[in-house]
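Observations on the model geometry
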Amino acid sequence: MPARARDAVGTRDDLLAAARRRFAADGYDRTTIRAVAGDVGVDAALVIRYFGSKEGLFTRAADLDLRLPDLTGVRAGDLSKVLVGRFFAVWEGDDTFLALLRAAATSEVAAEAMRSVFAAQVGPALAAVTDDRAPERAALVAATVLGFAMARYVLRLPPLVDMPRDQAEAWLGPTLRHYLLD
């Protein structure tokens, strides 16, 4: 393999991308620093130099921004459609989410990272549009979307994997609408 050009920023970015892929495919426990480094063609010591530890690498790789829209201007009847659409965009377009979801099942570090994402992003977004019991409503929305994502993308349950996105949205929408508005 030819020597890699010296580019600290590019190498860090490549390591984070490789780590996201590894954590998504293998989970937290089975991902090794050596494997991530090998994917990029660098020595494992460089991963330690940049990130300090496997936990440090995971923390940086699992930095997830859901990019939820401001829901305050969304009509009540459209909230679930907007949310489900956004969650699908995250589920299908961001390796970070899948890495975090897969790892959260076996790693307290990952589970805490997932809780932090929901507490910092989902909770406040939903609190802005619900009249009461925002924490409970946000937790129920989280349980629904995380359960669906786990079943479709990690467990790969055939009916959910094969289900077209518009059909999945039609099934999820009324449940989320109920949690948000009833």
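Residues numbered from 1 in each chain as written. Predicted model: local features only at pLDDT ≥ 70, side-chain atom pairs only at ≥ 80, totals over all residues. Heavy atoms only, no water.

- As annotated in an unreviewed UniProt entry, the protein chain is Transcriptional regulator, TetR family from Klenkia soli.

**Let's talk about the overall build of the protein chain**
- Looking only at helices and strands, one finds ten helices and zero strands in the protein chain.
- Counting from the amino terminus, helix and strand elements in the protein chain follow one another as α-α-α-α-α-α-α-α-α-α.
- Each principal axis of the C-alpha distribution contributes one length, and for the protein chain these read about 60 × 35 × 25 Å.
- For the protein chain, with 182 residues in total, the buried portion stands at 43%.
- Excluding contacts between residues fewer than 6 apart, the proportion of contacts in the protein chain whose partners are at least 24 apart in sequence is 68%.
- For the protein chain, the computed accessible surface area is about 9600 Å², with 54% contributed by carbon and sulfur atoms.
- Of note, the protein chain has its 23 positive side-chain charges centred 4 Å away from the centre of its 24 negative side-chain charges. (Helix = DSSP H or I, 4+ residues; strand = E, 2+ residues; numbered from the N terminus. Buried < 20%, exposed > 50% of the residue type's maximum accessible area, 1.4 Å probe, protein only. Contact = heavy atoms within 4.5 Å. Areas by Shrake-Rupley, 256 points an atom, 1.4 Å probe, with all protein chains shown as cover. Lys, Arg positive; Asp, Glu negative; His and termini not counted. Charge placed at Lys NZ, Arg CZ, Asp CG, Glu CD.)

**Details of the UniProt feature "domain: HTH tetR-type" (unreviewed entry) in the protein chain**
- UniProt feature "domain: HTH tetR-type" (unreviewed entry): in the numbering of this structure it lies at residues 9–69.
- Summarising residues 9–69: 75% helix, 0% strand, and an end-to-end C-alpha distance of 30 Å. (UniProt positions renumbered as here; feature names shortened; annotations may be inferred.)

**Here we look at helix 4 (residues 54–61)**
- Every buried residue of helix 4 is accounted for by Gly 56, Leu 57, Phe 58 and Ala 61.
- Against helix 1 (8–30), helix 2 (33–40), helix 3 (44–51), helix 6 (95–104) and helix 7 (108–127) lie the buried residues of helix 4.
- You can read the cap of helix 4 off the contacts: a side-chain oxygen lies 3.4 Å from the backbone nitrogen of Glu 55, and it is on Ser 53. (Polar contact = N/O pair within 3.5 Å; in protein donor to acceptor, adjacent residues only side chain to side chain.)

**Details of the UniProt feature "DNA-binding region" (unreviewed entry) in the protein chain**
- UniProt's feature table lists "DNA-binding region" (unreviewed entry) at residues 32–51, given in the numbering used throughout.
- The distance from the first to the last C-alpha atom of residues 32–51 is 13 Å, and the span holds 80% helix and 0% strand.

**A short note on the packing of helix 6 against helix 7**
- Contact pair helix 6 / helix 7: the axes reach a minimum separation of 7 Å and the direction vectors enclose 125°. Considering their axes alone, helix 6 and helix 7 lie oblique with respect to each other. Where helix 6 crosses over helix 7, the two elements pack in a sense that is left-handed. On helix 7, the residues that touch Phe 97, Leu 100, Leu 101, Ala 103 and Ala 104 of helix 6 are Ala 110, Ala 111, Ala 113, Met 114 and Val 117.
- Here the contact of helix 6 with helix 7 is built from residues that sort into ten nonpolar, no polar and no charged. (Axes fitted to C-alpha atoms, helices over the stretch in contact; angles between N-to-C directions. Parallel < 35°, antiparallel > 145°, perpendicular 65-115°, else oblique. Left-handed = near helix turned anticlockwise from the far one by under 90°. Nonpolar A, V, L, I, M, F, W, Y, C, P; charged D, E, K, R; others polar.)

**Brief notes about the domain arrangement of the protein chain**
- According to the domain assignment, the protein chain consists of domain 1 (3–61) and domain 2 (76–181).
- A separation of 27 Å is found between the C-alpha centroids of domain 1 and domain 2.
- Between domain 1 and domain 2, the contact holds twelve residues from the first and eleven residues from the second.
- In this assembly, domain 1 packs against domain 2 so that about 880 Å² is buried in total across both faces, 67% of it on carbon and sulfur atoms.
- On the surface where domain 1 and domain 2 come into contact, there are zero salt bridges.
- The interface formed by domain 1 and domain 2 holds one residue pair in polar contact (both at pLDDT 80 or more) in total.
- Going through the elements one at a time, helix 1 and helix 4 are the ones with two or more residues in the side of domain 1 that touches domain 2.
- Residue contributions to the side of domain 1 that touches domain 2 peak at nine residues, all from helix 1. (Domains from an automatic or database assignment. Buried area = accessible area lost by both parts, 1.4 Å probe. Salt bridge = Lys/Arg side-chain N within 4 Å of Asp/Glu carboxyl O.)

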